[in-house]
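Below are the chains, spelled out letter by letter.
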Amino acid sequence: MTISIRTVLALLAAFTVASVAPAAAQTPSPAGAKVYIINLKDGAEVTSPFLVQFGLSGMGVAPAGVEKPNTGHHHLLIDTKLTAEQMKQPIPADDTHKHFGGGQTEAMVTLPKGQHTLQLVLADWTHIPHEPPVMSEPITITVR
Ligand SMILES: [Cu+2]
């Protein structure tokens, strides 16, 4: 069996393109878009359960699954953060990565006593953070 050099080159080219292509496309965000926690400041003390209100300026809220320019839905990161690699992928869904795919703009959060970090990240209809990312500075709160 012989394999022509042309076939080898074609296979190499296909492999190179596949390995260079991004894992998933990120949705662009408009300049100046901001997400922030409205009702809690860094260092806040709360009792559990407590309300977290999600603020957004420069973009709109749309439910997960609805593709519309300059929109997204809120995600609350609790005691975790996203790595640079995770910023390009759908946000995981678990106890520390909460999705508000219904378009919710606030949530009651239950956490054990102690210090916790909270951070909001907006993501597109497929749960992938925008480019550039629209995320709040993490805040540290204490549950009494
Ligand atoms: Cu999501």
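Residues numbered from 1 in each chain as written. Predicted model: local features only at pLDDT ≥ 70, side-chain atom pairs only at ≥ 80, totals over all residues. Heavy atoms only, no water.

Caption draft 1: Fine view of the nonpolar core. By size, the foremost hydrophobic cluster in this structure holds 24 residues, and its most contacted members are L40, F50, V52, L118 and I141. Where this core is concerned, the elements lending two or more residues are β1 (34-37), β3 (50-57), β5 (71-78), β7 (106-109), β8 (114-123) and β9 (139-143). Per-element accounting of this core gives the leading share, four residues, to β3. Other than its neighbours up to four places away in sequence, I141 contacts K41, A44, V46, F50, G114, Q115, H116 and L118. The next biggest cluster of nonpolar side chains, apart from the first, holds six residues, and it includes L77, M87, I91 and V121. (Core = buried A, V, L, I, M, F, W, Y, C linked by side-chain atoms within 4.5 Å. Buried < 20%, exposed > 50% of the residue type's maximum accessible area, 1.4 Å probe, protein only. Helix = DSSP H or I, 4+ residues; strand = E, 2+ residues; numbered from the N terminus. Contact = heavy atoms within 4.5 Å.)

Caption draft 2: Representation of the pairing of β7 in the model. Alternating residues of β7 divide into A107 and V109, all buried, and E106 and M108, none buried. Pairing geometry for β3 and β7, over four bridges, is antiparallel. The residue bridging F50 from the neighbouring strand is V109, located in β7. (Pairing = 2+ DSSP bridges.)

Caption draft 3: Inspection of the coordination of the copper ion at higher detail. Donor atoms from the polypeptide that bind the copper ion are H73 (NE2), H75 (NE2), H99 (ND1) and H127 (ND1), placed at 2.1 Å. Angles of 91 to 150° at the metal separate the four donor atoms of the copper ion, which places the site in the irregular class. Each donor residue of the copper ion belongs to the same chain, with the gaps between them written as H-x1-H-x23-H-x27-H. Taken together, the residues H75 in strand β5 and H127 in the loop between β8 and β9 connect sequence positions 52 residues apart. Judged by its relative accessible area of 0%, H75 is buried. Among the residues examined, H127 registers a relative accessible area of 25% and is labelled partly exposed. (Donors = N, O, S within 2.8 Å, 3.2 Å for Na, K, Ca; no water. Tetrahedral: all angles 85-135°; square planar, octahedral: opposite > 155°, others 65-115°.)

Caption draft 4: Here's a closer look at the confidence of the model for the protein. Per-chain confidence: the protein averages 90 in pLDDT, with 83% of residues scoring 70 or above. Counting contacts from residues 14-22, a segment whose pLDDT is below 50, to residues more than four positions away or on other chains yields zero contacts. (pLDDT = per-residue confidence, 0-100.)

Caption draft 5: Up close: the packing of aromatic side chains. Taken as a whole and assessed by the stated rule, the structure comprises one aromatic pair. Ring geometry for F54 against F100: centres 4.9 Å apart, planes inclined by 55°, an arrangement best described as tilted. Of this pair, F54 sits in strand β3 while F100 sits in the loop between β6 (97-99) and β7, and the two are 46 residues apart along the sequence. With respect to burial, F54 and F100 carry one shared label: buried. (Phe/Tyr/Trp six-rings, centres within 6.5 Å; stacked < 30°, edge-to-face > 60°.)

Caption draft 6: Representation of the side chain of S29 within the structure. Mapping S29 onto the fold places it in the loop between α1 (5-20) and β1. A residue is classified by how much of its surface remains accessible, and S29, at 13% relative accessible area, is buried. Of note is the side chain of S29, whose polar atom sits 2.7 Å from the backbone oxygen of P132. Residues in contact with S29, not counting those within four places in the same chain, are M59, H130, E131, P132 and V134. (Polar contact = N/O pair within 3.5 Å; in protein donor to acceptor, adjacent residues only side chain to side chain.)

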